[in-house]
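Observations on chain architecture
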Amino acid sequence: MENQKRLDEFQAKIDAGIKIEPKDWMPDKYRQTLVRQMSQHAHSEVIGMQPEANWLTRAPSLRAKKILMAKIQDEGGHGLYLYCAAETLGVSRDQYIQWLHEGKSKYASVFNYPSPTWADMGAIGWLVDGAAIVNQVSLQRTSYGPYARAMVRICKEESFHQRQGYEIMAEMAKGTPEQKEMAQEALNRWWWPSLMMFGPHDKESSNSGQSMKWGIKLESNDDLRQQFIDKTIPQVELIGLEVPDKNAKLMPNGSYKTSDIDWDEFWNVIKGNGPCNSQRLKHHKKAHDDGAWVRAAAEAYGKKQMELVD
Amino acid sequence: MSTDNQGPVWEVFIQTKAGKPYRHVGAVHAYDKEMAMENARDLYTRRSEGTAIWLVKAEDIVASQPEDMGAFFEPSNDKPYRHPTFYVMPEGAKHI
Amino acid sequence: MRNTLNKMNHLQKYCLRIADNSWILGNRLGEYSSKGPFLEEDLAITNVGLDHVGLSEAVYKYVAELDGTKSADDYAFRRAEHEYFNIQLVEYPNEDFAYIMARQFLFDVYQFLFLEALVDSKDNTLAALAKKSLKEVTYHIRRSTQWMYRLGDGTEESHFKIQGALNELWMYKDEMFFMDETDEEMMKAGIGVDLNVLKTKWEDKVTEVLTKATLTVPENPLFSLQYGKNGHHTDFMGYILLDLQYLNSKYPDAKW
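All residue numbers here refer to positions counted from 1 along the written sequence of the relevant chain. Lettering of chains starts at A and numbering of ligands starts at 1, both following the order in which they are written. Whole-chain, interface and lining totals are the exception, using all residues; otherwise, since this is a predicted model, local features are given only for residues with pLDDT of at least 70 and side-chain atom pairs are given and counted only at 80 or more. Hydrogens and water are ignored here; the side-chain numbers use all heavy atoms of the structure.

**What to know about the environment of Gly 164 of chain C**
Residues and elements named next belong to chain C.
- Tracing the backbone shows Gly 164 in helix α6 (residues 156-169).
- Only protein chains enter the area calculation, which uses a 1.4 Å probe; residues under 20% of their type maximum are buried, those over 50% are exposed, and those in between are partly exposed. When its relative accessible area of 30% is taken as the criterion, Gly 164 is described as partly exposed.
- Separated by 62 residues in sequence, Gly 164 and Ala 102 place their C-alpha atoms 9.5 Å apart. Secondary structure counts use DSSP, requiring at least four H or I residues in a row for a helix and at least two E residues in a row for a strand, with both numbered from the N terminus.

The structure is reproduced here in structure tokens:
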């Protein structure tokens, strides 16, 4: 049992806004929560490269190709910052990846949907990155120092992602009838999955209370989701597309009321039954397995170099 | 291979421009020094964030322990005479 | 567009070769995104790919300027296969990391030497582009050289794989130094590079690195091929273009 005095001191630090650093004492549950959340976050960035990489060879202009490459590279970079931050909790990257492959560690379910048209590149940037940013801006103030610092860096870099996605959608929405249709369909596809990104309702989110008390989470799932909805609906209307929710309605307080999410689908995809769950994991495992001999070579060569120095 | 951790961890310090101190920005994995340098460059200077890089293998860093915080750092709290603001200067004194 | 290229002058063709090499290689490297052996390397390869796409864009813009009727995107996306003038080496698929790195190393050495010479071109635009890209390519060659050492002198398996990839790709090397009328004309005009000089330097550098990497320089190929720089491509090229041109050919009126 952890003694109450230590717990109280820990809580006092959090309440005073003092960041927790890797070598500081922390409750086991705090560490476990971070291990789970940060690795999930890192995996999401890395798995998130896949639906976009799917369009890299087909990007329609020099400009679009460069942007998409830079963006995918950013996502991978963010995964890397997060793995490195998560490793300060005493778990190795190798272990995190093993958990991912064994299905013990999750990633954002939103990446288990396919990206059949170029408009999906727009919708992913605009909606998926847009939803992620709302969450990440909030996490810049999270109580674990390495996580907060990684978030600050990530938010700075992510700022162009949502804009590039919206630009693609805006361009297509005013393009040929076929393009507009593709844009609307992509919006329809990604609207609900991006709202699901904020997680279950607060009342059903088992870890939320404690995470908020410990300053790991700063705002509730429903609050963050509402912020995103309120920002996004006017953007949908501005480019002449339709919100794929007949019940979406502007309330007198300036906020939008929307239909409830299909929670069966949400839990189903989390459990691994989404359209691309198995494809995404297989892709990641294959790259990892195919790379094993390269890593072995680099390690062997690295050791020889060190011996030469010694 | 004993562990397949994508190489050991290296801590990365970047100098934003000549004359500025090096600041810790994060870490990379790499199997040798040259690779660590290239990875740090590719990862942490994509947006012209720096002009120079220092790398230290994470296992080689010697760090103070939180338990030592009191013994290490509190004694200096009662030595305000190490700070210039401790001293009373006569009214009107300049360039001091 | 098919016929207009017949009238193309030597300078335009010369530029398109430079651009197409980087454009097709950049696409190949992009294709590898999310498939790297570890995260850092995945990102590093995309970085190199981005440099290539950047260089090709700059050169396409210059050709578009020379031409006056087409855009850079027209050159990148709207030509028939035989109107692309890249060397065949860069078309070779990403079979595995050994092939990717062998292709990269052989090309990096060539491109570095080529740009180094092109810096003195009498064509100011090309000279300036060469100067800028040389910095990037200096980094590329440093990276791929290190990988030759790591794979050559790493494990038995990696040695075997990288040697196999080099042997396989060796047949594409002669094309880099093949001089046709366009090359001759450009060289005479003080715009282009003497590929014969390049060849010796390339062989010296490659031999030096491979030897240090405990690898064997492959035997010279027995026969010469038809060359990509004149629009004759491998079987792989059609599929590269199929992807690359997909949206532009399916929706010719659309802007993206």
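Further notes follow.
**Thoughts on the interface of chain C and chain A**
- Here, two residues are considered to be in contact whenever any of their heavy atoms come within 4.5 Å of each other. Each side of the interface is counted separately: chain C has 51 residues, and chain A has 44 residues.
- As used here, buried area is the combined drop in accessible area, with a 1.4 Å probe, of two parts when they are placed together. In total, chain C and chain A occlude about 4,000 Å² of area from one another, counting both sides; carbon and sulfur atoms represent 70% of this.
- What makes a salt bridge here is a side-chain nitrogen of Lys or Arg within 4 Å of a carboxyl oxygen of Asp or Glu, nothing more. There are three salt bridges connecting chain C and chain A.
- In this structure, the salt-bridge partner of Arg 93 of chain A is Glu 40 of chain C, at a minimum N-O distance of 2.7 Å.
- Within the residue set of the side of chain C that touches chain A, elements represented by two or more residues are α1 (10-31), α2 (39-67), α3 (72-77), α4 (97-118), α5 (124-152), α6, α9 (235-244) and α10 (246-250) of chain C.
- In terms of residues, the side of chain C that touches chain A owes the most to one element, α2 of chain C, which gives 13 residues.

**Considering empty space enclosed by the protein**
- Grid spacing is 1 Å over the protein atoms alone, the probe is 1.4 Å, and a cavity is where that probe fits but cannot get out, while a pocket is an open set with protein on both sides within 12 Å along at least five of seven lines and lining residues have an atom within 4 Å of a point. Grid points are joined across faces, edges and corners, and a volume is the space filled by probe spheres set on the points. Summed over the entire model, instances satisfying the criterion amount to six cavities of 30 Å³ or more.
- Lining the largest cavity are 18 residues; nearest its centre among them are Val 46 and His 284 of chain A together with Gly 36, Phe 38 and Leu 39 of chain C.
- When contributions to the lining of the largest cavity are tallied by element, the ones reaching two or more residues are α3 (49-53), α5 (93-101) and α12 (277-290) of chain A together with α2 of chain C.
- Per element, the largest residue contribution to the lining of the largest cavity is four residues, and it comes from α12 of chain A.
- Residue classes follow a fixed rule: Ala, Val, Leu, Ile, Met, Phe, Trp, Tyr, Cys and Pro count as nonpolar, while Asp, Glu, Lys and Arg count as charged, and any other residue, Gly among them, counts as polar. Considered class by class, the residues forming the lining of the largest cavity number eight nonpolar, seven polar and three charged.
- Put simply, the second largest cavity is a space of about 150 Å³.

**Some words on the nonpolar core**
- In these notes, a set of buried Ala, Val, Leu, Ile, Met, Phe, Trp, Tyr and Cys residues joined through side-chain atoms within 4.5 Å is what counts as a nonpolar core. In terms of nonpolar packing, the biggest core is built from 190 residues, with Tyr 30, Trp 118 and Met 169 of chain A together with Trp 23, Leu 106, Phe 114 and Trp 202 of chain C touching the most fellow members.
- Here this core gets 16 residues from one element, more than from any other, and that element is α4 of chain C.
- Both domains that meet at this core, namely domain 1 (4-274) and domain 2 (276-310) of chain A, each give it at least three residues.
- Ignoring anything within four residues of it in the chain, the contact list for Leu 106 of chain C reads Leu 89, Leu 166, Leu 169, Trp 170, Met 176, Trp 202 and Val 206 of chain C. Here the bounds of each domain stem from an automatic or database domain assignment.

**Considering unusual backbone geometry**
- In this structure, Gln 6 of chain B takes a positive phi of about 60° despite not being glycine.
- Tracing the backbone through its elements, the reader meets Gln 6 of chain B in the segment before β1 (9-15).

**Regarding α5 of chain C**
Residue and element names in this part refer to chain C.
- Expected span, for any helix, means 1.5 Å times one less than how many residues it has. Across its 29 residues, α5 extends 40 Å between first and last C-alpha, which sits within 8% of the 42 Å expected from 1.5 Å per residue.
- Of all bends in α5, the biggest is about 35°, found at Leu 134.
- Under this definition, polar contacts are N or O atom pairs within 3.5 Å; protein pairs additionally need one hydrogen-donor-capable and one acceptor-capable atom, and for neighbouring residues in sequence, both atoms have to be side-chain atoms. Looking at where α5 begins, the residue whose side-chain oxygen comes 3.0 Å from the main-chain nitrogen of Thr 125 is Asp 123. Two axes define the bend at a residue: one fitted to the seven residues ending there, one fitted to the seven starting there, and the bend is the angle between them.

**Re the side chain of Asp 74 of chain A**
- Take Asp 74 of chain A: it is sitting in helix α4 (residues 62-87).
- Asp 74 of chain A gets classed as buried once you look at its relative accessible area, which sits at 2%.
- Once residues lying within four places of it in the same chain are set aside, the contact partners of Asp 74 of chain A are Glu 157, Phe 160 and His 161 of chain A together with Arg 46 and Arg 47 of chain B.

**Some remarks on the pattern of salt bridges**
Residues and elements named next belong to chain C.
- Within this structure, the stated rule accounts for 41 salt bridges over all chains.
- Of the charged contacts, one joins Arg 28 and Glu 31 as a salt bridge, the two residues approaching to 2.9 Å between their closest N and O atoms. Placement of both Arg 28 and Glu 31 in helix α1 is noted, with a separation of three residues, approximately one turn of the helix.
- Judged by its relative accessible area of 29%, Glu 31 is partly exposed.

**Observations concerning the interface of chain A and chain B**
- Between chain A and chain B, the contact holds 25 residues from the first and 24 residues from the second.
- When the two sides are added together, the surface that chain A and chain B hide from each other amounts to roughly 2,200 Å², 53% of it contributed by carbon and sulfur.
- Among the residues of chain A in contact with chain B, Lys 23, Arg 153 and Arg 295 of chain A are the three that bury the most area, contributing 23% of the side total.
- Counting the contacts that link chain A with chain B gives six salt bridges.
- Where Glu 157 of chain A meets Arg 47 of chain B, a salt bridge forms, and the shortest distance between an N and an O atom there is 3.5 Å.
- Along the contact surface separating chain A from chain B lie 13 residue pairs in polar contact (both at pLDDT 80 or more).
- Broken down by secondary-structure element, the contributors of at least two residues to the side of chain A that touches chain B are α4, α5, α7 (145-173) and α13 (292-309) of chain A.

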